Amino acid sequence: QVQLVESGGGLVQPGGSLRLSCAASGRIFSINAMGWYRQAPGKERELVARKTSIGRTNYADSVKGRFTISRDNAKNTVYLQMNSLKPEDTAVYYCNADHVGRFYWGQGTQVTVSS
């Protein structure tokens, strides 16, 4: 069983920055990909960014150039640096981990971009 705990969400003005963190704990053998998804009210959950254990990275087109995902494999932690935030980035952000073929989710952290 793997637990994911997110932190770093909050309220920020347009153009501001936030950094999300997600730490995995539990009986961890091998985590392949770790990433971030988000879900805005009335919308489906969507991929924001994802990084594999060997460094392959995917970003949603809407965040390219503004968001950066990074990982500390030794700490089983993934980060999401979000810059130039826009009101449309407002959502609940969920951490995701692929552990030996099974997907785990964090509880979510709210990000609100508003003036």
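Each chain has its residues counted from 1, running along the sequence as written. Thresholds applied to this predicted model are a pLDDT of at least 70 for local features of residues and 80 or more for the giving and counting of side-chain atom pairs; totals over whole chains, interfaces and linings are not thresholded and use all residues. The side-chain values count all of the structure's non-hydrogen atoms but skip hydrogen atoms and water molecules.

(A) Representation of the overall build of the protein chain within the structure. Check the secondary structure of the protein chain and you find zero helices and eleven strands. By definition, any uninterrupted DSSP run of H or I lasting at least four residues is a helix, any uninterrupted run of E lasting at least two residues is a strand, and each is numbered from the N terminus. In sequence order, the secondary structure elements of the protein chain are arranged as β-β-β-β-β-β-β-β-β-β-β. Oriented by its inertia axes, the alpha-carbon framework of the protein chain measures out at about 45 × 25 × 25 Å. The buried share of the protein chain, taken over its 115 residues, is 42%. Long-range pairs, those at least 24 residues apart, make up 53% of the contacts in the protein chain with a sequence separation of at least 6. Surface summary for the protein chain: the accessible area is close to 6200 Å², and the carbon and sulfur share equals 47%. For the charge count, each Lys or Arg is scored as positive and each Asp or Glu as negative, with His and the chain ends excluded. Charge positions come from single atoms, namely NZ of Lys, CZ of Arg, CG of Asp or CD of Glu. Considering the protein chain, the positive charge centre built from 14 side chains and the negative charge centre built from 8 side chains are found 6 Å apart. Accessibility here uses a 1.4 Å probe with only protein chains present; expressed as a share of the type maximum, an area under 20% marks a residue as buried, one over 50% as exposed, and anything in between as partly exposed. Whether two residues are in contact is decided by their heavy atoms: any pair within 4.5 Å suffices. Using a 1.4 Å probe, the Shrake-Rupley method yields the accessible areas, and only the shown protein chains count as cover for residues.

(B) Inspection of the pattern of salt bridges at higher detail. We define a salt bridge as a contact between a side-chain nitrogen of Lys or Arg and a carboxyl oxygen of Asp or Glu at a distance within 4 Å. On inspection of all chains with the given rule, the structure shows four salt bridges. One salt bridge connects arginine 38 with glutamate 46, and the closest N-O pair in it is separated by 2.7 Å. For glutamate 46, a relative accessible area of 35% corresponds to the partly exposed category. Taking the shortest distance from any N to any O, the salt bridge between aspartate 89 and arginine 66 comes out at 2.7 Å. Here arginine 66 lies in the loop between strand S6 (57–59) and strand S7 (67–72) and aspartate 89 lies in the loop between strand S8 (77–82) and strand S9 (91–99), a separation of 23 residues in the sequence. This pair shows no difference in class: aspartate 89 is buried, exactly as arginine 66 is. Overlapping salt bridges bring together Arg38, Glu46, Arg66 and Asp89 as one network.

(C) Looking closely at the environment of aspartate 98. Note that aspartate 98 resides in strand S9. For the pair formed by aspartate 98 and methionine 34, sequence separation is 64 residues and the distance between their alpha carbons is 6.4 Å. Dropping the residues within four chain positions of it, aspartate 98 is found in contact with Ser30, Ile31, Asn32, Ala33 and Phe103. Polar contact criterion, stated in full: a pair of N or O atoms within 3.5 Å, where within protein one must be able to donate a hydrogen and the other to accept it, and residues adjacent in sequence count only if both atoms are side-chain atoms. At 3.2 Å, the side chain of aspartate 98 and the backbone nitrogen of glycine 101 are in polar contact.

(D) Highlighting the pairing of strand S10 (residues 102–105). By this definition, two strands are paired if DSSP reports at least two bridges between them. Pairing of S9 with S10, which is carried by four bridges, proceeds in the antiparallel orientation. Bridge pairing in S10 links alanine 97 to tyrosine 104. Counting the residues that bridge the hairpin from S9 to S10 gives two residues, and of these valine 100 lies at a positive phi of roughly 50°.

(E) Expanded view of the state of the cysteines. In this description, a disulfide is simply a cysteine sulfur pair whose atoms lie within 2.5 Å. Applying the stated criterion to the full structure yields one disulfide. A sulfur-sulfur distance of 2.0 Å marks the disulfide that ties cysteine 22 to cysteine 95. Here the disulfide of cysteine 22 and cysteine 95 is left-handed, its torsion about the S-S bond being about -80°. Here cysteine 22, found in strand S3 (residues 18–26), pairs with cysteine 95, found in strand S9; they are 73 residues apart in sequence, far enough to count as distant.

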